[in-house]
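Geometric and topological summary
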Amino acid sequence: MPVLKTLTKLLLYQKPQSPSYDYESGIEDRFDSSDSKKINNREKDKSEEQKGTEDKTSGADEKIDAVASNNLREKLLEAGNQPDKEGIKAGGRRSLRKRKKPRNNKPVQEKYAGKVAVNQSIDEILHKKVKLSYDLKENRLVLEKIFRVPDNKDAVLRSFSIGTKPPTQALLIFIDGITNSQVQNTAVLQPLMLLSGLRDIPLDKIQDAGSEKRTIYKDFFDRVKQAILPNNQVSEADTFNRIVEDILSGNSVLLIDGYNQALMLETKGWQYRNVSTPQVEAVINGPQEGFTEMLRVNTSLIRKIIQKPALITEFIQVGSSSPTQVAIMYMDNIVNPDIIKEVKRRLSSIKGDYLQQTGLVEQMIEDAPFYPAPQVLSTERPDRVAANLEEGKIAILVGSNPFVMVVPCTFFDLMQSPEDAYVRWPFGSFARLIRYFGLFVALLLPAHYVAIVAYHQEFIPTDLLLAIAGSRERVPFPSIVEILIMETSFELIREAGVRVPGTVGTTLGIVGALILGQAAVAANIVSPILIIVVAVTALGSFAIPNYSFSLSIRVLRFVYIILASLFGLLGILIGVFIHVGLMVNLKSFGVPFMAPAAPVTNKGRDYWMRGMIWQQQKRPDYLDPLKPKRQPQISRRWLYPDDGGGGEKQ
């Protein structure tokens, strides 16, 4: 009875069976020895496919070994025979966790040993800086292995002949999509293939040169570099590591048969965003251009402002698995050399997998990772970076990121806005006062509300106390629960507003702030005065100009609320005492975070308040710059026409 069997199958409970996947993370740790048989059976079903893959891999290895030169082959074999250290470490950690249970199934590294060995051999070639071979076919096979050709369709290895008699074989390697094909056609391939004029070279001497063959070949190589290729930037390299880095950065590499050197040609041509208005640090009076995702465009924006030969730009490769190009910019005649050494030391010692963004590098080089306040100033404005460089600080530009880090960073840097410098000093000072008030409100206002309502009712006038008590009469929750509900709801609204598209985010904010707040009051979940407290707190947090610093204030606000609910104003006082103590003890690249307030140093007129620009003669002394003075004592010399301009020399 097929119908009865079908009904039985549908009605009776059956243990669900997980579908078979090619990869499942942690499967060797979750299954015991009995389940491992199922895995082994599953592996047997796929054995033919794996064997095919391993055969292909081993075949490719043999192909490389067959054509590699003696020196290169030894390095490849030596690299391929080395054990997988990461796999041993991973297995060691797993064995510590499950050392009481026997392990019957093999880890992934053992399962795909052939592929792991190939990856290790490629890493060894790149890390040990193996030199190029004189044989072009040999170099091509190694590069095909490094770029995973033919699986990788982005890497292009273009073989062609240089116009000599007889023709000389050459190879052009590049990544399609990040290079300019027009430059390659007109400035590389066309001169070499059609317009080279190399037939005039007495090549018969090359064939009979014997021991002088390399010298003659070197002349040919130099002629190609100096007289044939019209690229604006051409450099030489003799290691696979160097040419691979150049290819991945958008350049093209030319290899010529018979030479163990390569020519690296400037052919960058990827798409990028044009210079546009800053999105986070918008100002009314001031430049309306921000950084882009192009490192060279960002350096040019800074150099456009600071047109001095003392502006230095250095490049450092950061990271090990996927190196990131990081640029360091500083004024050589101003900055303290010790700070430069410290920045270079930290950047060059970073070992990481993915460090392509400013925030990731910042977490690697900051002094105190567990302290919530940022110790690096992140900005998207070239004018702000230029102003900090002129003070003696260092700018760090990370790869394709529109934000630039400025170090060292102090508390006062995080509370300043570029707008302060572009308005008259009274208005700039007033804006800073508003900002400090916003900081106090964003950090401590909810905590004070909880402390006064719960412990210190005598601190507020009787009329206000009666108003508060009347508004909270129907609220069933204590003040701590009430404010935690509203603060958490507001943080939820703000986070949701950031994650959704712009128009929808604005609508979401209006719905959350107005409708949800009014509905919460009508439902007697919170009191009306608490809505005012939360709204003013939110406005205070928005007044903080630095986004990372604003995030830290949002987190610390909850700490102060809990302290106020436990100990009242005494808890807030204890929290402020510890908070200030931690900030005073904090440093950014050796510079105190609260300088020049703590430790007290020579204060200028651009810290708490925005001073007059003509009175800011000295640079920050906590940086110990090489040139302490930024301008003469009398900078408005037109006020002293009798002394010929007046003022002392800088």
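Values in this document were obtained by computation on a predicted structure and should not be read as measured data.

Judged by nonpolar contacts, the single largest core of 90 residues is most densely connected at Val-343, Leu-347, Leu-389, Ile-394, Ile-396, Phe-411 and Phe-549. Per-element accounting of this core gives the leading share, 11 residues, to helix H20 (residues 425-454). Excluding residues that lie within four positions of it along the chain, Phe-411 makes contacts with Tyr-436, Leu-439, Phe-549, Phe-593 and Met-594. With 26 residues, the next largest nonpolar core counts Val-130, Val-142, Leu-171 and Val-244 among its residues.

The antiparallel open sheet is built from five strands, whose spatial order is E1-E2-E4-E5-E3. Of all the strands in the sheet, just strand E1 (155-162) and strand E3 (234-237) have a single pairing partner and so form its edges. Averaged over all neighbouring strand pairs, the angle between strand axes comes to 25°, with direction disregarded. Along the sheet face, helix H9 (residues 136-146) touches E1, strand E2 (168-175) and strand E4 (252-256) and points at about 15° away from the line of E2.

A separate point is the environment of Lys-128. Relative to the elements of secondary structure, Lys-128 occurs in the loop between helix H8 (113-127) and H9. Look at Lys-128 and you get partly exposed, because its relative accessible area is 37%. Separated by 113 residues in sequence, Lys-128 and Asn-241 have C-alpha atoms that sit 8.2 Å apart.

All told, the structure shown has 25 salt bridges when counted by the stated rule. Here Arg-381 makes a salt bridge to Asp-383, at a shortest N to O gap of 3.1 Å. Using a relative accessible area of 0% as the deciding quantity, one classes Arg-381 as buried. Using a relative accessible area of 9% as the deciding quantity, one classes Asp-383 as buried. With its nearest N and O atoms 3.7 Å apart, the salt bridge here joins Glu-391 to Arg-630. You can see Glu-391 sitting in helix H17 (residues 382-391) and its partner Arg-630 sitting in the segment after strand E12 (591-592), a full 239 residues away along the chain. Arg-630 gets classed as partly exposed once you look at its relative accessible area, which sits at 25%. It is possible to trace a salt-bridge network through shared partners that takes in Glu-487, Glu-491, Arg-494, Arg-554 and Arg-557.

Cut-offs and rules
- Residues numbered from 1 in each chain as written.
- Predicted model: local features only at pLDDT ≥ 70, side-chain atom pairs only at ≥ 80, totals over all residues.
- Heavy atoms only, no water.
- Core = buried A, V, L, I, M, F, W, Y, C linked by side-chain atoms within 4.5 Å.
- Buried < 20%, exposed > 50% of the residue type's maximum accessible area, 1.4 Å probe, protein only.
- Helix = DSSP H or I, 4+ residues; strand = E, 2+ residues; numbered from the N terminus.
- Contact = heavy atoms within 4.5 Å.
- Pairing = 2+ DSSP bridges.
- Axes fitted to C-alpha atoms, helices over the stretch in contact; angles between N-to-C directions.
- Salt bridge = Lys/Arg side-chain N within 4 Å of Asp/Glu carboxyl O.

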